[in-house]
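One-letter residues, chain by chain:
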Amino acid sequence: MTPAADRREFLGRAGLACGLLLNPARAELAAAGASAPVTPPAWDVPRAPLPRVQWADLTVLDEVLIPPDRPWRLPQRRLRPRFVTVHSTGNADGRADAPAHGRLLLNGLRSEDPNSRTGYITWHFTVDATRVVQHLPVSEQGDHADFRGPGNHESLGVEMTSAAGMTPADVLHRTAFLLARLMRQHDIAAARLVPHQHWPRPPDGSRKPCPAELLDAGVPGERWRRFVGLAQAYRNGLRAYRQLPPIA
Ligand SMILES: [Zn+2]
């Protein structure tokens, strides 16, 4: 099987990563058998953090870094994170978990968008209900938000995915905990946790309604505010929690 055929086969199973919706190559997606984009159901945001006794599980992070020699990694593009951009895969059928997205990025997830810097889509972390998979070091820019804009230059990209059998609340707890760690490590305030929707994209300044499950009519509303509140609650709790190693 050629690499391209392998990738298409994988995309067919993975559904539509958020980043793929930046990609106008719909014909290729259709050929891959990916379902048409649909608005996924809204997720209920938990109102309070999990009890601290359960936090050790939230700290687990699997590193599946894209090898530095791949053309979709550009180690010289240094990142000093000032924001965290939150995405969701929005795949309503939920066929791909976080490790599956790790494999997808290892193989290279191509972008046909002429504005793309590398011709590929990358981000830093994928979170599902049971694990966090890291794809890029936090000191290096990805290609997940707005091409050559501040979203890519200044933010870490976190992609949420809920595979079959997973509970969205578990994805949200794990994501909020990761955001809290990143907030502490990089001194990022809650106001700088932003949805992908925050960043206008060239050439027309349009904003992608992502993460769709946490937006109200395509824009941040009460659900997004509650999610940021959950991350802030974990952040507050981390002040009195055991020291965690910094994420490299
Ligand atoms: Zn997105």
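The following refers to the structure shown. Keep in mind that what you see is a predicted model, and the values were worked out from it rather than measured. (Residues numbered from 1 in each chain as written. Predicted model: local features only at pLDDT ≥ 70, side-chain atom pairs only at ≥ 80, totals over all residues.)

What about the pairing of strand 2 (residues 83–88)?
Our working definition: Exposure classes come from backbone-placed C-beta atoms, where a residue is buried if 20 or more other C-beta atoms lie within 10 Å of its own, exposed if 12 or fewer do, and partly exposed in between. Strands are runs of DSSP state E lasting at least two residues, helices are runs of H or I lasting at least four, and both sets are numbered from the N terminus onward. By the convention used here, strands pair only if DSSP detects at least 2 bridges between them.
Among the six residues in strand 2, six count as buried, and that is most of the element. Pairing of strand 2 with strand 5 (residues 155–160) involves six bridges; the strand directions are parallel. Bridging across to strand 5, Val-86 finds its partner in Val-158.

Quick word on unusual backbone geometry
It is generally the case that most residues other than glycine have a negative phi and that most peptide bonds are trans. Between Pro-202 and the following residue, Pro-203, the backbone shows a cis peptide bond with an omega angle of 5°. Notably, Ala-217 is not glycine yet its phi reads approximately 50°, a positive angle. Take Ala-217: it is sitting in the loop between strand 6 (193–195) and helix 7 (222–238).

Describing the pairing of strand 5
The element strand 5 is extensively covered by neighbouring structure, given that six of its six residues are classed as buried. Covered by surrounding structure in strand 5 are Ser-155, Gly-157 and Glu-159 together with Leu-156, Val-158 and Met-160, the residues of both alternating faces. The pairing of strand 3 (residues 125–127) with strand 5 spans three bridges and is parallel. Bridge pairing in strand 5 links Val-127 to Met-160.

Purely spatial values, then, with no claim about function.
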